[in-house]
Amino acid sequence: MARARDMATRRSSRLVIGLAVVVIAVLTACGGDDESPSAGSSLPGENSGDAESAMPGAQAVRLPDTKDPDVYAEAIAELVFGLSPADSYVRGYRDVLLGAIDPDVVGDDYDSLVEVTGQWIPDEETWDRQAEQGLRTSFEVESVVEPEQDSATPDGPQGQVARTVTGVQSIRYEDENDEQVRESEPRSVTVWVHCPADRNCSLVSVPEDVLQ
């Protein structure tokens, strides 16, 4: 009888262990589909800045570290004529362009120069509308020249210089019939920069007037 009870006890133990293994397996399988965040993960909407920084408007737009005013002005022109709302955030372009104006360099003229230069970046409503149209632009530089500077020199620091950049802007978007439209047109812009011998160039302003 003792041996029979022992065997029964062993069978009961094996049954309990088997059920435990099945329960663990089921919980593990369900855990694979669990949408709750694990340690170190974030909820949707968190770290949205990281998501934005991965977009071309925030990540791909770069200005060179250079003391050459021609190279710097060319990069600024490629930015203002190369906006792509279809796959970029407006804040990325705005932050790069306006962030290039050094308040320590331009001093008290900072606010006015930011206002003038900021006009090259559309407001968010316009940007979103252009994004819906799939608007993408690019700019191919053809020439960078030092224009004749006259009394039209804008506010800004002593030693600023102007460069007029000319090239061709290519435009792609979808029309009201959802058909792809491709256009190109010549564009020019005068960029005012400050490039002292002891530091890299910074932006002063990008006014609407183009100097020849």
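Residues numbered from 1 in each chain as written. Predicted model: local features only at pLDDT ≥ 70, side-chain atom pairs only at ≥ 80, totals over all residues. Heavy atoms only, no water.

Peer 1: Where do I start with the overall build of the protein in this structure?
Peer 2: Summing up its helical and strand segments, the protein has eight helices and four strands in all. Starting at the N terminus and ending at the C terminus, the protein contains elements arranged as α-α-α-α-α-α-α-α-β-β-β-β. Within the protein, the fraction of its 212 residues that count as buried is 31%. In the protein, of all internal contacts separated by at least 6 residues, the share reaching a separation of at least 24 is 65%. For the protein, the exposed surface amounts to about 13300 Å²; the carbon and sulfur share of it is 48%. (Helix = DSSP H or I, 4+ residues; strand = E, 2+ residues; numbered from the N terminus. Buried < 20%, exposed > 50% of the residue type's maximum accessible area, 1.4 Å probe, protein only. Contact = heavy atoms within 4.5 Å. Areas by Shrake-Rupley, 256 points an atom, 1.4 Å probe, with all protein chains shown as cover.)

Peer 1: Sorry, what's going on with the environment of C195 here?
Peer 2: By secondary structure assignment, the location of C195 is in the loop between β3 (180–194) and β4 (202–205). Aside from chain neighbours lying at most four places away, what touches C195 is K67, P69 and C201.

Peer 1: Explanation requested: the confidence of the model for the protein in the structure shown.
Peer 2: Summarising the model, the protein shows a mean pLDDT of 78, and 69% of its residues fall at 70 or more. Of the regions scoring below 50 in pLDDT, residues 1–59 engages in 21 contacts with residues more than four places distant in sequence or in other chains. (pLDDT = per-residue confidence, 0-100.)

Peer 1: In this structure, what is going on with unusual backbone geometry? I would like to understand it.
Peer 2: Leaving glycine out, the prevailing phi sign among residues is negative, and the prevailing peptide bond configuration is trans. Backbone geometry at D178 places phi at a positive 60°, although glycine is not the residue there. Inspection of the secondary structure assignment puts D178 in the loop between β2 (161–174) and β3.

Peer 1: Help me understand helix α4 (residues 69–80) in this model?
Peer 2: Helical periodicity: at 3.6 residues per turn, an α-helix aligns residues three or four positions apart in one direction. The terminal C-alpha atoms of α4, which comprises 12 residues, lie 17 Å apart, in line with the 16 Å expected from a rise of 1.5 Å per residue. Here α4 has its buried residues at P69, Y72, A73, A75, I76, A77, L79 and V80. Among the structural elements, α5 (90–99), β1 (136–145), β2, β3 and β4 are those in contact with the buried residues of α4. At the N-terminal boundary of α4, the capping side chain belongs to D68, with an oxygen 2.8 Å from the backbone nitrogen of D70. (Expected span 1.5 Å × (residues − 1). Polar contact = N/O pair within 3.5 Å; in protein donor to acceptor, adjacent residues only side chain to side chain.)

Peer 1: Hey, could you run me through the state of the cysteines in this one?
Peer 2: Between two cysteines, a covalent bond joining their sulfur atoms is known as a disulfide. Under the definition given, this model contains one disulfide. The side chain of C195 participates in a disulfide bridge whose partner is C201; the two sulfur atoms lie 2.0 Å from each other. Classification of the bridge connecting C195 and C201 rests on its S-S torsion, roughly 115°, and on that basis the disulfide is right-handed. (Disulfide = S-S within 2.5 Å.)

Peer 1: What is the right way to read helix α7 (residues 110–118) from this model?
Peer 2: Taken as a whole, α7 has its buried residues at L113, V114 and T117. Taken end-on, α7 shows its buried residues confined to a sector of 100°, consistent with a single buried face. In α7, the exposed positions that point more than 90 degrees away from the buried face belong to D111 and E115. Check the buried side of α7 and you find it contacts α5, α6 (103–106) and β4. (Arc of directions from axis to C-beta.)

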